[in-house]
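# Survey of secondary and tertiary structure
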Amino acid sequence: MSALIEGHRPVADPGAIPTWDTDPYDPAVLADPHSWWADLRSRGDVVYIPRYEVLAVGRYDATRTTFSDHDNFVSSRGIGLNDFKLETPWRPPSIILEVDPPDHTRTRKVMSRALSPKVVKGLMDGFRATAERIVDAVIAKGRIEAVADLAEAFPVAVFPGAVGMTDVHPRHIVDYGSIVFNAVGPDNALRRAAMARAPEVAAWINAACARERLTDDGLGALVYGAADAGEITEAEAAMLVRSFLSAGVDTTVTGIGNALWCFAQNPGQWQALREDRSLVRPAFEEVLRHTSPVHTFARTANVDTAIAGHPVAEGTKVICCLGAANHDPAKWGDPDRFRIDRRPVGHMAFGAGIHGCVGQNIARGELDALLTVMAERIARIEPAGDAVWRPNNAIHSLDRLPLTLIPN
Amino acid sequence: MVKVTYVQADGSETTVDGTPGDSVMATALANDVPGIVGECGGSMMCATCHCHIDPAWADKTGPRMDGEDDMLDCAVSEVTETSRLSCQVKLTPDMDGLRVILPEEQI
């Protein structure tokens, strides 16, 4: 067998599929991906990228179909460029993200229950109280760096507490997600930097997932309760608590930062939100569609299969560009406009199908609380300098967002 | 194509053409049928696509999926024996004429 490329089986140019000599993980593309996404969509339903010997999809229909076809395009071989069947991953694979049915069905059920709408409803009063405290503090400052002061501050204040963590290392719990997400990319500078920090951060995270480090009334306790009930093992419970921390912090930080960026860029939409608070939840859906906090995850063809009629060989990695799908004009009409009344049902920001984000209810709850309090108290959100994006192999996130907040 | 009739809580009916393989939830949204929200997009993570299957069709639509009970438990309107999450009911050719009754509220 020939040597692996980026930890997966080499795939020769399939011929009938358009070939595109590009690097999807070029820091310039990651920082400002819109023209790259448009180029990807214009080339066809599926494109061959020789640099990494992978296929890529970005049109809405092909992306949705491939991403949710868990029988043919599996997650158990990794949702990045490494094929876990051929190479040992950097950490023990997630037992909910990087797994297929029937194992996935069992763990997913436990996590769905722990993160159900009912559970989130019970957290909302606490989210609201914390939002009031943090929003009042940023209003008092006036000029803020919104990534640190709001986007990180809010999830760090509410999420570890919701999980039941008794001690929090704010930097580690934010950075663990970005390490995990950079790891799904190629062996580039971003991934190498993430891997260099991984031992220290992952060790802290793994230790923090132990039962004795958690309260008996949080989301973590619900998961350990499933172990007591025999649905999962105690070791699996610890792994699922780890998933809260990899997937539940950096993603929400990104969602909040991106939301504030959208409103700073579109003052009329902030005004519309202030006039009709029932648009808070639809507005967050539009933020998700417009900014795609997770821009790209991969799947692996587990059998010889096809995408839009083009044959795809077993072992082929397919990068699914969720951000490109969320801006496909064939689906959205005017995708580049940020409209909080769009109600973009079917956006791909939380994925689709059995692997659709299991934490989406709590993410919506956090954003609902924060945006509602901000809309009540802040008349205008204005840029106070250039927004700077932070390249990541899977996350489309801000590094810095200077804002001026003008209260009522 | 299979015909699907959605009955609103006020008794009004809408009949649309559905495609085998699509869910009852996606078929409603694609045809602008009110009464179904489908917030999570079909990942069985919310209960905003709650519906009741006309008992005459229950054997065709089959039993609830694994995990569906837990999520139905979060539905806003009353859940009964006929309750399903419409994202988990996939149309098949033998469902032509399916009747779906929608609850008063989803959120």
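Scoring rules and cut-offs
- Residues numbered from 1 in each chain as written.
- Chains lettered and ligands numbered in written order.
- Predicted model: local features only at pLDDT ≥ 70, side-chain atom pairs only at ≥ 80, totals over all residues.
- Helix = DSSP H or I, 4+ residues; strand = E, 2+ residues; numbered from the N terminus.
- Rg over C-alpha atoms; globule rule 2.2 N^0.38 Å.
- Contact = placed C-beta atoms within 7 Å.
- Nonpolar A, V, L, I, M, F, W, Y, C, P; charged D, E, K, R; others polar.
- Pairing = 2+ DSSP bridges.
- Axes fitted to C-alpha atoms, helices over the stretch in contact; angles between N-to-C directions.
- Buried ≥ 20, exposed ≤ 12 C-beta atoms within 10 Å, placed from the backbone.
- Parallel < 35°, antiparallel > 145°, perpendicular 65-115°, else oblique.
- Left-handed = near helix turned anticlockwise from the far one by under 90°.
- pLDDT = per-residue confidence, 0-100.
- Core = buried A, V, L, I, M, F, W, Y, C linked by C-beta atoms within 7 Å.

What chain B contains, in helices and strands, is 3 helices and 5 strands. Secondary structure of chain B in N-to-C order comes out as β-β-α-β-α-α-β-β. A globule of 107 residues ought to have a C-alpha radius of gyration of about 13 Å, and chain B, at 12 Å, matches this closely. When the backbone C-alpha atoms are referred to their principal axes, chain B occupies close to 30 × 30 × 25 Å.

A word on the interface of chain B and chain A. Between chain B and chain A, the residue contacts involve 16 residues of the former and 18 residues of the latter. Across the side of chain B that touches chain A, the residue classes tally to 8 nonpolar, 5 polar and 3 charged.

Quick look at the pairing of strand 2 (residues 13–18) of chain B now. Residues and elements named next belong to chain B. Looking at chain direction, strand 1 (residues 2–7) and strand 2 are connected through 6 bridges and run antiparallel. Along strand 2, the bridge assignment pairs valine 7 with glutamate 13. The hairpin formed by strand 1 and strand 2 contains 5 residues between the paired strands, and glycine 11 there has a positive phi angle of roughly 95°.

Attention now goes to the sheet that holds strand 1 of chain B. Residue and element names in this part refer to chain B. Across the sheet, 5 strands lie side by side as 2-1-5-3-4; this open sheet has mixed pairing. Looking at the sheet topology across the chains shown, the edges are occupied by strand 2 and strand 4 (83–85). The average angle at which neighbouring strand axes cross in this sheet is 35°, direction not considered.

This part takes up helix 9 (residues 219–228) of chain A. All of the buried residues in helix 9 of chain A are A:Leu219, A:Gly220, A:Leu222, A:Val223, A:Tyr224 and A:Ala226. Just beyond helix 9 of chain A, the residue with positive phi is A:Gly230, at close to 85°.

Below, the discussion takes up the packing of helix 7 (residues 170–182) of chain A against helix 10 (residues 234–247) of chain A. Residue and element names in this part refer to chain A. Closest axis-to-axis distance for the helix 7/helix 10 pair is 7 Å, and the angle between their directions is 90°. By the angle class used here, helix 7 and helix 10 are roughly perpendicular. Facing helix 7, whose interface residues are Ile173, Tyr176, Gly177 and Val180, helix 10 presents Leu245, Ser246 and Ala247. Tallied by class, the residues present in the contact of helix 7 with helix 10 amount to 5 nonpolar, 2 polar and no charged.

Residues and elements named next belong to chain A. Taking strand neighbours across the sheet as the criterion, the 3 strands line up as 4-12-9 in an open arrangement whose pairing is antiparallel. In this open sheet, the two edge strands, each paired with only one partner strand, are strand 4 (143–145) and strand 9 (378–383). Pairwise comparison of adjacent strand axes, ignoring direction, gives a mean angle of 30° for this sheet. Pairing of strand 4 with strand 12 (residues 402–407), which is carried by 3 bridges, proceeds in the antiparallel orientation. In the sheet register, isoleucine 144 faces strand 12, and the bridge partner there is leucine 403.

Take unusual backbone geometry next. Look at the link from A:Pro101 to A:Pro102: it is a cis peptide, with omega at 5°. For A:Arg343, which is not a glycine, the phi torsion comes out positive at approximately 50°. With respect to the helices and strands, the residue A:Arg343 is situated in the loop between helix 15 (329–332) and helix 16 (360–377). Given 16 C-beta atoms within 10 Å, A:Arg343 falls into the partly exposed group. In this structure, B:Asp32 is a non-glycine residue whose phi angle is positive, near 55°. One can find B:Asp32 in the loop between helix 1 (24–30) and strand 3 (50–53).

What follows is about the pairing of strand 3 of chain B. Residues and elements named next belong to chain B. Where burial is concerned, the two faces of strand 3 agree: the one with His50 and His52 and the one with Cys51 and Ile53 are both buried. In the sheet, strand 3 pairs with strand 4 via 3 bridges, with the strands oriented antiparallel. Its bridge partner being in strand 4, cysteine 51 is matched across the sheet by arginine 84. Pairing of strand 3 with strand 5 (residues 98–101) involves 2 bridges; the strand directions are antiparallel. Bridged to histidine 52 within strand 5 is isoleucine 101.

So, about the packing of helix 7 of chain A against helix 8 (residues 189–208) of chain A. All names here are of chain A. Where helix 7 meets helix 8, the axes come as close as 8 Å, and the angle between the chain directions of the two elements is 135°. Accordingly, the angle class assigned to the pair helix 7 and helix 8 is oblique. Here helix 7 and helix 8 pass one another in a crossing that is left-handed. For the pair formed by helix 7 and helix 8, the contact residues are His172, Asp175, Tyr176, Ile179 and Asn182 on the first element and Leu190, Arg191, Ala194, Arg197, Ala198, Val201, Ala202, Trp204 and Ile205 on the second. Taken together, the residues of the contact of helix 7 with helix 8 sort by class into 9 nonpolar, 2 polar and 3 charged.

Now for the environment of B:Pro103. Residues and elements named next belong to chain B. Its place among the elements puts proline 103 in the segment after strand 5. Sequence-wise, proline 103 and valine 7 are 96 residues apart; in three dimensions their C-alpha atoms are separated by 9.1 Å. The contact partners of proline 103, leaving out residues within four places of it in the chain, are Ala9, His50 and Ser77.

Turning next to the confidence of the model for chain B. Any region with low pLDDT has predicted coordinates that should not be read closely. Here chain B averages 95 in pLDDT, while 100% of its residues score no lower than 70. As a predicted assembly, this complex carries a pTM of 0.95 together with an ipTM value of 0.85.

Residue and element names in this part refer to chain A. With respect to the helices and strands, valine 184 occurs in the loop between helix 7 and helix 8. With 23 C-beta atoms packed within 10 Å, valine 184 lands in the buried category. Distance in space between the C-alpha atoms of valine 184 and proline 89 is 10.0 Å, their sequence separation being 95 residues. Not counting chain neighbours up to four residues away, the residues in contact with valine 184 comprise Ile79, Gly80, Phe297, Ala298, Asn393 and Ala394.

The subject of this paragraph is the nonpolar core. All names here are of chain A. Counting 153 residues, the largest nonpolar core has Leu55, Leu150, Val223, Leu260 and Cys321 as the members making the most contacts within it. In terms of residue count, helix 6 (residues 146–163) provides more of this core than any other element does, 11 residues in total. Other than its neighbours up to four places away in sequence, leucine 150 contacts Ile134, Val138, Ile144, Ile256 and Leu260.

Residue and element names in this part refer to chain A. Structurally, aspartate 386 is set in the loop between strand 9 and strand 10 (388–390). Given 8 C-beta atoms within a 10 Å radius, aspartate 386 is considered exposed. Spatially, the C-alpha atom of aspartate 386 lies 17 Å from that of threonine 291, the residues being 95 residues apart in sequence.

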